[in-house]
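The residues making up each chain are set out below.
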Amino acid sequence: MDSDQSVVDPAVTATADDIAAMRIRGAATIADAAAAALATQAERSDAATPAAFERDLRAGARELYETRPTAVSLPNALRYVLRGMEGETVSALRSSTIDAAETFRAELEQAQSKLGEIGANRLRDGDVVMTHCHSTDALACIEAALESGTAVEAIIKETRPRKQGHITAQRLRELGVPVTLIVDNAARRYLDETDHVLVGADSIAADGSVINKIGTSGLAVNARERGVPVMVAAQTIKLHPDTMTGQTVAIEMRAETEVLSADERTAIGGDADEMPPLRVENPAFDVTPPRYVDAIVTERGQFPPESIVTLMRELFGETTAEPWDG
Ligand SMILES: O=C(COP(=O)(O)O)[C@H](O)[C@H](O)COP(=O)(O)O
């Protein structure tokens, strides 16, 4: 039977749509949602044969995979769950897949809280932390610090164009952290008042480069110039195994309308024939070279970025396949 006959559950398609539209966003949350969607596919599949079941699961994984290209946690999650799909019967395949998804999700949560405890050790009472975007891994460090009685304050970059800084501001205020919200362009000025830059990651490359929300690299360069340490909070699921063999991480380009509305485009001349063309570019992520990063904090400990490849080899070996290739 060919793959055209696979059946993807509507719940998987709905999750894929939510990820693509960023109603589900952030690398760890995307991974969690993708694993949950595969569990739902496994639960609801009415495939009559083991081959049909496996084909449906792989088709679901492919649909989820194609939503956003930069956060490696997504293919890492899909690979984990599909590798757990074992058995000779549909029923065995179903239960092993559901178990794998549940284990993955539980480990994700545990990794984040472990990472938080490790990251919290870098923070001292009264420290001011500058954040960029909204990272649940980064927030886990602040949360763990607060739980152990270390008070911190936060300077939060707005993070244009989608203003994920607002989510960070809300979460930190809910935790009782005093927050100063700034526009992205004010970051360098406020680095003088900052003790740590704390960001998350969508992917970490074998050379220790950190791929995170656009603007992270400029922030890190400025922080180095001002002598402010840059701490990246990233579970090992953010390690990008394919970069060990030289593959680069795809940077997602998003819609023009996130930057410039149709009315704004018209106001600056639109597409009038007498005007030269106007192109709007909206890369969602950038690459921070390892020399601007002081520490990558994972659930396995904290690492100088240049040594992360050792952990990557230990966890992933030298090669990986597409998630649906097992
Ligand atoms: O860049 C972003 C989110 O980008 P987007 O909003 O475009 O998804 C976050 O810093 C990382 O995904 C880490 O988040 P987490 O630590 O929660 O995995």
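Residues numbered from 1 in each chain as written. Predicted model: local features only at pLDDT ≥ 70, side-chain atom pairs only at ≥ 80, totals over all residues. Heavy atoms only, no water.

The full set close to the ligand counts 18 residues, and R25, A28, S135, T136 and K213 are the nearest of them. The contact in question runs from an oxygen atom of the ligand to an N or O atom on the side chain of R68, over 2.8 Å. Separating an oxygen atom of the ligand from a side-chain N or O atom of K213 is a distance of 2.6 Å. Out of a free accessible area of 460 Å², the ligand has 100% covered by protein chains. When atoms are counted within 2 Å of each cavity's grid points, the one that captures over half of the ligand is the largest cavity. The set of elements that each furnish at least two residues to the shell around the ligand consists of helix 2 (27-44), helix 6 (136-147) and strand 6 (210-213). Looking at the shell around the ligand residue by residue, the class counts come to six nonpolar, six polar and six charged. (Near = heavy atom within 4 Å. Polar contact = N/O pair within 3.5 Å; in protein donor to acceptor, adjacent residues only side chain to side chain. Areas by Shrake-Rupley, 256 points an atom, 1.4 Å probe, with all protein chains shown as cover. 1 Å grid on protein atoms, 1.4 Å probe; cavity = no way out; pocket = protein on both sides within 12 Å on 5 of 7 lines; lining within 4 Å. Sits in = over half its atoms within 2 Å of the grid points. Helix = DSSP H or I, 4+ residues; strand = E, 2+ residues; numbered from the N terminus. Nonpolar A, V, L, I, M, F, W, Y, C, P; charged D, E, K, R; others polar.)

This part takes up the pairing of strand 9 (residues 295-298). Neither face of strand 9 is left uncovered, since the one carrying A295 and V297 and the one carrying I296 and T298 both have all their residues buried. Relative to strand 10 (residues 301-303), strand 9 is paired through three bridges, and the arrangement is antiparallel. Opposite V297, over in strand 10, you have Q302 as the bridge partner. The antiparallel pairing of strand 9 with strand 10 creates a hairpin that spans two residues between the two strands. (Buried < 20%, exposed > 50% of the residue type's maximum accessible area, 1.4 Å probe, protein only. Pairing = 2+ DSSP bridges.)

Look at the UniProt record and you will see "binding site: substrate" (unreviewed entry) annotated at R25, G26, A27, A28, R68, N212, K213 and K238. With the annotated positions falling across 214 residues, the maximum pairwise C-alpha distance of 14.3 Å places them together in a single cluster. Within this annotated set, the largest cavity is lined by R25, G26, A27, A28, R68, N212, K213 and K238. Positionally, R68 belongs in the loop between helix 3 (50-65) and helix 4 (73-83). The class for R68 is buried, based on a relative accessible area of 8%. With residues up to four places along the chain from it excluded, the contact list for R68 reads I19, A20, M22, R25, I30, L74, K213, E252, R254 and F285. Within polar-contact distance, the side chain of R68 engages the side chain of E252 at 2.9 Å. Looking at the element boundaries, N212 is found in strand 6. Non-local contacts of N212, meaning those with residues more than four positions away in its chain, are made with V199, G200, A201, D202, A284, F285 and D286. (UniProt positions renumbered as here; feature names shortened; annotations may be inferred. Contact = heavy atoms within 4.5 Å.)

This paragraph deals with the domain arrangement of the protein chain. What the domain assignment reports for the protein chain is domain 1 (3-113) and domain 2 (117-249 + 283-316). One C-alpha centre belongs to domain 1, the other to domain 2, and the line joining them spans 28 Å. Tallying the contact residues gives 20 residues for domain 1 and 24 residues for domain 2. Summed over both partners, the interface of domain 1 with domain 2 comes to about 1700 Å²; 55% of that surface belongs to carbon and sulfur atoms. Among the residues domain 1 hides against domain 2, the three largest losses belong to R25, T70 and Q112. Together they make up 32% of the total. Run the count over domain 1 and domain 2 and you get zero salt bridges. On inspection of domain 1 and its partner domain 2, the count reaches nine residue pairs in polar contact (both at pLDDT 80 or more). Elements that contribute at least two residues to the side of domain 1 that touches domain 2 include exactly helix 2, helix 4 and helix 5 (90-120). If one sorts the elements of the side of domain 1 that touches domain 2 by residue count, helix 5 sits on top with five residues. (Domains from an automatic or database assignment. Buried area = accessible area lost by both parts, 1.4 Å probe. Salt bridge = Lys/Arg side-chain N within 4 Å of Asp/Glu carboxyl O.)

Here the focus is the state of the cysteines. Inspection of the entire model under this criterion finds zero disulfides. Looking at the unpaired C133, the closest cysteine sulfur is the one in C141, lying at 15 Å. Note on C141: relative accessible area 0%, which makes it buried. (Disulfide = S-S within 2.5 Å.)

So, on to empty space enclosed by the protein. The gaps of empty space that remain are located by a probe, the size of a water molecule, rolled over the atoms. Going through the model one piece at a time under the given rule, you end up with two cavities of 30 Å³ or more. In this structure, the largest cavity spans a volume of roughly 200 Å³. If you trace the largest cavity, you find 21 residues lining it, with R25, G26, A27, H134 and D202 closest to the centre. Within the residue set of the lining of the largest cavity, elements represented by two or more residues are helix 2, helix 6 and strand 6. Looking at the lining of the largest cavity, the element that brings in the most residues is helix 2, giving three residues. Taken together, the residues of the lining of the largest cavity sort by class into six nonpolar, nine polar and six charged. Two domains share the lining of the largest cavity, each providing at least three of its residues, namely domain 1 (3-113) and domain 2 (117-249 + 283-316). Counted as a void, the second largest cavity has a volume near 60 Å³. Along its surface, the second largest cavity is lined by M22, R160, P161, R162, Q164, K213, I214, R254, E258, N282, P283 and A284. (Points joined across faces, edges and corners; volume = space filled by probe spheres on them.)

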